[in-house]
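Residues per chain, in single letters:
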Amino acid sequence: MQKVELLSPAGNMKSLKMAIKCGCDAVYISGKDYGARKFADNFTMEEIEEATRYSHLYGVKLYVTINTLIEEDDIDLVLTYISNLYEFGVDALIVQDLGLISIIRHRFPNIQIHVSTGAHNCSNECLEFLDGLGVKRVVLARELSISEISKLDTTLELEVFIHGALCVSYSGQCLMSSYLFGRSGNKGECSQPCRFCYDIYEDDEMVISNKYVLSMKDLCIGNNIKSLLDMGISSLKIEGRMKSCYYVGYVTKFYRMLIDKYYNNEELSFTEEEYNNLLVLYN
């Protein structure tokens, strides 16, 4: 049986080292451009090269996100960027733009491509199409239920988010930030208007005042992780490139514990204190 990969986020070098120290199998990061979390610290080219060497020293894989939509005027710059990543020896690129995926497959046939959740990967038809593009792995849409995931039939590797923030919209389809503030989520600039307080009116009468009516609770799959492990999911992914190194470290350690218990045929249990720590970490 191939063990599942535990994939942790890193918005800076400190978080990357914390994730590795706490037991991740792979880390995903972004450069200063083309990443869906533009307002994280992110990595310079020199830091990406250092991060690749450091990760490989500990037997950890490093993935780099290019998970924004790419305009035609940016293609040459993006391809130069990818060429540098290839020279550094990064293990895979996480890409949203389908046109860019096609170009990468022709220009850099040896680079592994993981299709970002932003491409809204939600059905067998999607997976069949992406398989035809020659990708290695698909990051499933976050809104899929465990039942829906179990019905997917593909030879592609599947990656599933298990912890962290959720988007109120279908993955990669929200235009609210772009429409209201001119900051596109598909360019990594989401202003997160779904996290704001709102008043709700019905027939000119206020029915809800100053509430977080669009903000979703964070995902936490600790109680259901066995279902995903039994399915043979390839990678379990933690969200959080804009969160602190302490958040990254503790959440990584928590799921490392559960995954190791699974493969040791132990009960997948955790204490109330361990769970409460997850609840308060972000704050």
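The shown structure was predicted, so the numbers you read here are calculated from the model rather than taken from an experiment.

(A) Examining the nonpolar core more closely. Leu-16, Val-27, Ile-29, Ile-66, Ile-82, Leu-93 and Tyr-255 are the most contacted members of the largest nonpolar core, which has 65 residues in total. In terms of residue count, the dominant contributor to this core is helix H9 (residues 245-263) (eight residues). Apart from residues lying up to four places away in sequence, Tyr-255 is in contact with Leu-6, Ile-162, His-163, Cys-220, Ile-221, Gly-222, Ile-225 and Ile-238.

(B) The packing of H9 against helix H10 (residues 272-281), seen in detail. H10 packs onto H9 with a crossing angle of 150° between their chain directions and a minimal axis gap of 10 Å. By the angle between their directions, the pair H9 and H10 is classed as roughly antiparallel. Considering only the axes of H9 and H10, their crossing is left-handed. Residues Tyr-246, Tyr-247, Tyr-250, Val-251, Phe-254 and Met-257 of H9 touch H10, and the partners they reach there are Glu-274, Asn-277, Leu-278 and Leu-281. When the residues that make up the contact of H9 with H10 are grouped by side-chain class, the tally is eight nonpolar, one polar and one charged.

(C) Representation of the environment of Leu-229. Relative to the helices and strands, Leu-229 is located in helix H8 (residues 225-231). Distance from Leu-229 to Val-4, taken between C-alpha atoms, is 7.3 Å for residues 225 residues apart in sequence. Aside from chain neighbours lying at most four places away, what touches Leu-229 is Val-4, Leu-236, Tyr-262, Tyr-263 and Leu-268.

(D) Here's a closer look at the side chain of Arg-256. The residue Arg-256 is located in helix H9 in this model. For Arg-256, a relative accessible area of 12% translates into the label buried.

(E) Summary view of the pairing of strand S8 (residues 198-202). Bridge count for S8 against strand S9 (residues 205-211) is four bridges, and the pairing is antiparallel. Each bridged residue has a counterpart across the sheet, and for Tyr-198 the counterpart in S9 is Lys-211. Taken together, S8 and the strand that follows it, S9, pair antiparallel across an intervening segment of two residues, in which Asp-203 is found at a positive phi of about 55°.

(F) How the structure looks around the state of the cysteines. Counted under the stated rule, the structure contains zero disulfides. Left without a disulfide partner, Cys-24 is nearest to the cysteine sulfur of Cys-22, which lies 8.7 Å away.

(G) Broad picture of helix H1 (residues 13-21). Those residues of H1 lying buried are Met-13, Ser-15, Leu-16, Ala-19 and Ile-20. Seen from one end, H1 has its buried residues packed into an arc of 160°, which puts them on one side. Looking at H1, the residues exposed on the side facing more than 90 degrees away from the buried face are Lys-14 and Lys-21. The first or second residue beyond H1 is Gly-23, which carries a positive phi of 110°.

(H) Structural detail: the pairing of strand S4 (residues 92-95). Because side chains alternate across S4, one face comprises the buried residues Ala-92 and Ile-94, and the other comprises Leu-93 and Val-95, equally buried. Judged from the four bridges that link them, strand S3 (residues 61-66) and S4 form a sheet pairing that is parallel. Residue pairing across strands places Val-64 opposite Leu-93, the latter belonging to S4. Note that the unit made of S3, helix H3 (residues 75-88) and S4 has a crossover that is right-handed. Each parallel crossover has a hand, and the one from S4 via helix H4 (residues 98-107) to strand S5 (residues 113-115) is right-handed.

Procedures and definitions
- Residues numbered from 1 in each chain as written.
- Predicted model: local features only at pLDDT ≥ 70, side-chain atom pairs only at ≥ 80, totals over all residues.
- Heavy atoms only, no water.
- Core = buried A, V, L, I, M, F, W, Y, C linked by side-chain atoms within 4.5 Å.
- Buried < 20%, exposed > 50% of the residue type's maximum accessible area, 1.4 Å probe, protein only.
- Helix = DSSP H or I, 4+ residues; strand = E, 2+ residues; numbered from the N terminus.
- Contact = heavy atoms within 4.5 Å.
- Axes fitted to C-alpha atoms, helices over the stretch in contact; angles between N-to-C directions.
- Parallel < 35°, antiparallel > 145°, perpendicular 65-115°, else oblique.
- Left-handed = near helix turned anticlockwise from the far one by under 90°.
- Nonpolar A, V, L, I, M, F, W, Y, C, P; charged D, E, K, R; others polar.
- Pairing = 2+ DSSP bridges.
- Disulfide = S-S within 2.5 Å.
- Arc of directions from axis to C-beta.
- Right-handed = clockwise from strand over helix to strand, strands pointing away.

All we've got here are geometric facts, nothing functional implied.
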